[in-house]
Amino acid sequence: MFIDSHCHFDFDVFNGQRDELMACCLDHGILGFLVPATTFISWKKLEMLTERYPQWRTAYGLHPYFLKEASLEQIDFLGEQCEAQRVVAVGEIGLDCWPSAVDINVQINFFKRQLSVAKSLRLPVIVHARKSYDLVFKCLREVHFKEGGVVHAFNGSFEQAKRLLDLGFVLGVGGTVTYPRANKARRVLSALESGAFVLETDSPDMPLNGFQGQNNTPLSIPLIAQCVARIREESVEQIRMQTYANLLRVFPKWNEDLL
């Protein structure tokens, strides 16, 4: 089966088309979806949708880009939420050094506190890291975090990839590698060992090459797999099987029976 290891299927843009899109995904062999939360207010909606779609797996957390809407008190509920729901990870959490993001010191405080919650629950994390890999490493070391997880939309160097892999993480590979100009991302992908990555869409964001301006969906996963197979000179079946095995390894609470 194909798994989309990172999609925001709960976002309002999918309202009114979610059932039809889910059915289409299942018809195309995309049988599992990991949906990470982004804001505290989204937790309840995600909880309700997960009850409706048994193919979904979830993670709860406070996304660094949306911390203007967050408070540290919300983290007090994070552990309880993760224990009460069918979660495989804490996320989406991390650090975002984009100019419009909130103060980086605020982000670091939220990130380290959420890492501590994940550590206490022995859960992996889904990490958002935009122009912040060195800071992410620093926070992981300071919290002594060893549960691993996925670094979403990885776009760093091979050396940074190796450091993350050594910490028990795998790398999220999505639409970026479908762009011919993404030379660095393609070089890193071709050099990685087969156990180092999983497939993701980040729907509705990160559209593939040729689909710019359109909302991305999990239906892109087979197209990403085809591109990854060409870059790595492997078969699509090899990519499908290996990334599924990688996902099960990094998210041990994932239930294999998704049907």
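Refer to the preceding data block for the structure.
Residues numbered from 1 in each chain as written. Predicted model: local features only at pLDDT ≥ 70, side-chain atom pairs only at ≥ 80, totals over all residues. Heavy atoms only, no water.

Undergrad: How should I be thinking about the overall build of the chain in this particular structure?
TA: Scanning the chain from N- to C-terminus turns up 9 helices and 8 strands. A globule of 259 residues ought to have a C-alpha radius of gyration of about 18 Å, and the chain, at 17 Å, matches this closely. Judged by the C-alpha coordinates and their principal axes, the chain covers about 45 × 40 × 35 Å. A burial count over the chain gives 55% of its 259 residues as buried. Long-range pairs, those at least 24 residues apart, make up 72% of the contacts in the chain with a sequence separation of at least 6. When the accessible surface of the chain is summed, it comes to about 11700 Å², and 51% of that surface belongs to carbon and sulfur atoms. Computed over 27 positive and 30 negative side-chain charges, the inter-centroid distance for the chain is 6 Å. (Helix = DSSP H or I, 4+ residues; strand = E, 2+ residues; numbered from the N terminus. Rg over C-alpha atoms; globule rule 2.2 N^0.38 Å. Buried < 20%, exposed > 50% of the residue type's maximum accessible area, 1.4 Å probe, protein only. Contact = heavy atoms within 4.5 Å. Areas by Shrake-Rupley, 256 points an atom, 1.4 Å probe, with all protein chains shown as cover. Lys, Arg positive; Asp, Glu negative; His and termini not counted. Charge placed at Lys NZ, Arg CZ, Asp CG, Glu CD.)

Undergrad: What should I look at first to understand the sheet that holds strand β8 (residues 197-199) in this one?
TA: Within a beta sheet, neighbouring strands are joined by backbone hydrogen bonds and run either parallel or antiparallel to one another. Pairing is parallel across the open sheet formed by 8 strands, whose spatial order is β1-β2-β3-β4-β5-β6-β7-β8. Of all strands in the sheet, those with a lone pairing partner are β1 (2-4) and β8, marking the two edges. Each strand of the sheet is rotated relative to its neighbour by a mean of 30°, with strand direction disregarded. Contacts from helix α1 (residues 18-27) reach β2 (30-36) and β3 (56-60), with the element oriented near 130° to β2. (Pairing = 2+ DSSP bridges. Axes fitted to C-alpha atoms, helices over the stretch in contact; angles between N-to-C directions.)

Undergrad: Help me understand the environment of Y65 in this model?
TA: With respect to the helices, strands and loops of the structure, Y65 is situated in the loop between β3 and α3 (78-84). For Y65, a relative accessible area of 29% puts it in the partly exposed group. Put simply, Y65 and D96 are 31 residues apart on the chain and 6.4 Å apart in space, counted from C-alpha to C-alpha. Among the polar contacts made by the side chain of Y65, one reaches the side chain of S100 at a distance of 2.6 Å. (Polar contact = N/O pair within 3.5 Å; in protein donor to acceptor, adjacent residues only side chain to side chain.)

Undergrad: I would appreciate a short explanation of empty space enclosed by the protein in the present structure.
TA: Empty space among the atoms becomes apparent when a probe as large as a water molecule is rolled across them. Under the definition given, this model contains 1 cavity of 30 Å³ or more. In this structure, the largest cavity occupies an estimated 30 Å³ of space. Lining the largest cavity are I3, S5, V198, L199, T243, Y244 and L247. Broken down by secondary-structure element, the contributors of at least two residues to the lining of the largest cavity are β8 and α9 (236-250). Per-element accounting of the lining of the largest cavity gives the leading share, 3 residues, to α9. Grouping the constituent residues of the lining of the largest cavity by class yields 5 nonpolar, 2 polar and no charged. (1 Å grid on protein atoms, 1.4 Å probe; cavity = no way out; pocket = protein on both sides within 12 Å on 5 of 7 lines; lining within 4 Å. Points joined across faces, edges and corners; volume = space filled by probe spheres on them. Nonpolar A, V, L, I, M, F, W, Y, C, P; charged D, E, K, R; others polar.)

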